[in-house]
Amino acid sequence: MRFDGAARDPARAEDKTPGQNTALPAMKKLLPSGVQFRLNLRINTNFVDGRATPHYDGPMSLSNPDLYTPGGYVVLDFETTGFSFDHGDRVLEVGVVKLDPDGRIVGTFETLINPMRHVGATEIHGISASDVVAAPVFGDIAEHFAAILDGSVFVAHNASFDARFAHGELTASGNFRGKSIPYLCTMTLAKQYKVGRTAKLSDVTLALGIHNSQAHSALADAIATAQALEYFLRE
């Protein structure tokens, strides 16, 4: 599977392919005028009834077929060894929440990742070297990760950070072609809608009454971000 990061106008009839994101009309009202968005991945896995059915024997479950259904939103969070992929930092933990075009959660997955380097600030993310020694490297899950992104809106809080790491990891594993990953950022939306004392995830969730007892855990933060997205979609 390869991801070319193409941005297209979802309103154009010729762009209506089986993987077209049906959540785009709802998302377009959240974006500045003129912004075009389309994730365009190339899937090399098998399909059954239009759904990807990849197989992976690693330590985490990727068996939920709803994760691979095109359309909707993929809300994700990475814990990383540091702040810059270009300076050698890598993903330590992946948390993904898949929402359908109506904003309903249909699947989740999480896994630790062996970064093949020092884990960085354990006091922040809570992950030690012993936690990841037997975990998969990102290349082991890259095709599955790309399949989950296929045809969906990439969403994160401070999304430019997560998109850079997703770009770096997918490129390094040979599953990406393109200059960047388009995204929807709930931090930007929080600023636009003036939600929270600051636009930090902790302040946004507090303002919205969202409980996140495991901050800096990738899946917990992804779930909290998905709940914030649900609020913005209703506004």
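Residues numbered from 1 in each chain as written. Predicted model: local features only at pLDDT ≥ 70, side-chain atom pairs only at ≥ 80, totals over all residues. Heavy atoms only, no water.

## So, the overall build of the chain
Counted only if it meets this: In this text, helices come from DSSP runs of H or I with a minimum length of four residues, and strands from runs of E with a minimum of two, each type numbered from the N-terminal end. Note on classification: 1.4 Å probe, protein chains only; a residue is buried when its accessible area is under 20% of the maximum for its type, exposed when over 50%, partly exposed between these limits. We call two residues in contact when some of their heavy atoms are within 4.5 Å. The Shrake-Rupley method, run with a 1.4 Å probe, gives the accessible areas here. Residue values count only the displayed protein chains as cover.
The helix and strand inventory of the chain stands at eight helices and nine strands. Evaluated residue by residue, the chain yields a buried proportion of 51% over its 235 residues. Intrachain contacts of the chain at a sequence separation of at least 6 include 68% that bridge at least 24 residues. Roughly 10,900 Å² of accessible area belongs to the chain as shown, and the carbon and sulfur atoms make up 50% of that amount.

## Thoughts on the nonpolar core
Selection criterion: In these notes, a set of buried Ala, Val, Leu, Ile, Met, Phe, Trp, Tyr and Cys residues joined through side-chain atoms within 4.5 Å is what counts as a nonpolar core.
If you look at the biggest cluster of nonpolar residues, it comprises 52 residues, and the most contacted ones within it are Val 94, Phe 138 and Phe 145. The set of elements that each furnish at least two residues to this core consists of β5 (73–80), β6 (91–99), α4 (138–149), β8 (153–156), α5 (159–172), β9 (184–185), α6 (186–192) and α8 (218–234). Setting aside anything within four residues of it in sequence, one finds Phe 145 in contact with Leu 76, Phe 78, Val 94, Val 96, Phe 138, Ala 166 and Leu 170. Core analysis: the second largest hydrophobic core is formed by five residues, Val 119, Ile 127, Val 132 and Ala 135 among them.

## Observations concerning the pairing of strand β7 (residues 105–112)
Residues in a regular strand project their side chains so that they alternate between the two faces of the sheet. Convention followed: Two strands qualify as a pair provided DSSP detects at least 2 bridges between them.
Of the pairings in the sheet, the one linking β6 to β7 comprises seven bridges and is antiparallel in character. Residue pairing for β7: Lys 98 is matched across the bridge by Gly 107. Here β6 hands over to β7 after five residues, with Gly 103 in that stretch at a positive phi of 90 degrees.

## Considering the pattern of salt bridges
Put simply, the test is: We define a salt bridge as a side-chain nitrogen of Lys or Arg found within 4 Å of a carboxyl oxygen belonging to Asp or Glu.
As enumerated under the stated definition, the model contains four salt bridges in all. Linking Asp 100 and Arg 104 is a salt bridge whose minimum nitrogen-to-oxygen distance equals 3.0 Å. Notably, a salt bridge pairs Arg 104 with Asp 102, separated by 3.3 Å at the nearest N-O pair. Taking the relative accessible area as the measure of exposure, Asp 102 reaches 58% and is therefore exposed. Each of Asp 100, Asp 102 and Arg 104 takes part in a single network of salt bridges with overlapping partners.

## Some words on unusual backbone geometry
Positive phi values are uncommon outside glycine, yet Met 116 reaches one of about 60 degrees. Unlike most non-glycine residues, His 216 shows phi in positive territory, near 75 degrees. Relative to the elements of secondary structure, His 216 occurs in the loop between α7 (201–208) and α8.

## Side note on the confidence of the model for the chain
Stated precisely, the cut-off is as follows: Looking at any residue, its pLDDT shows the predictor's confidence there, from 0 to 100.
Here the chain shows a mean pLDDT of 78. Residues at 70 or above account for 73%. Every residue in residues 1–22 scores below 50 in pLDDT, and together they form 68 contacts with partners more than four places removed in sequence or on other chains. For residues 31–60, every residue scores under 50 in pLDDT, and the model assigns this stretch 78 contacts once sequence neighbours within four places are set aside.

## Observations regarding the packing of α7 against α8
As a reminder of what qualifies: To get an axis, a line is fitted to the C-alpha atoms, and for a helix only the part in contact is used. The angle between two axes follows their N-to-C directions and goes from 0 to 180 degrees. Note that the term roughly parallel is reserved for angles under 35 degrees, roughly antiparallel for angles over 145, roughly perpendicular for angles of 65 to 115, and oblique for everything else. The hand of a helix crossing depends on one turn: near helix anticlockwise from the far one by less than a right angle means left-handed, and clockwise means right-handed. Residues were grouped as follows: Ala, Val, Leu, Ile, Met, Phe, Trp, Tyr, Cys and Pro as nonpolar; Asp, Glu, Lys and Arg as charged; and all remaining residues, including Gly, as polar.
One can describe the packing of α7 onto α8 by two numbers: an axis separation of 10 Å at closest approach and a directional angle of 55 degrees. Here α7 is positioned oblique relative to α8, judged by the angle of their axes. Note on packing geometry: the crossing formed by α7 with α8 is left-handed. Along its contact with α7, which presents Leu 201, Val 204, Thr 205 and Leu 208, the element α8 presents Asp 221, Ala 224, Thr 225, Ala 228 and Tyr 231. Among the residues forming the contact of α7 with α8, the class breakdown is six nonpolar, two polar and one charged.

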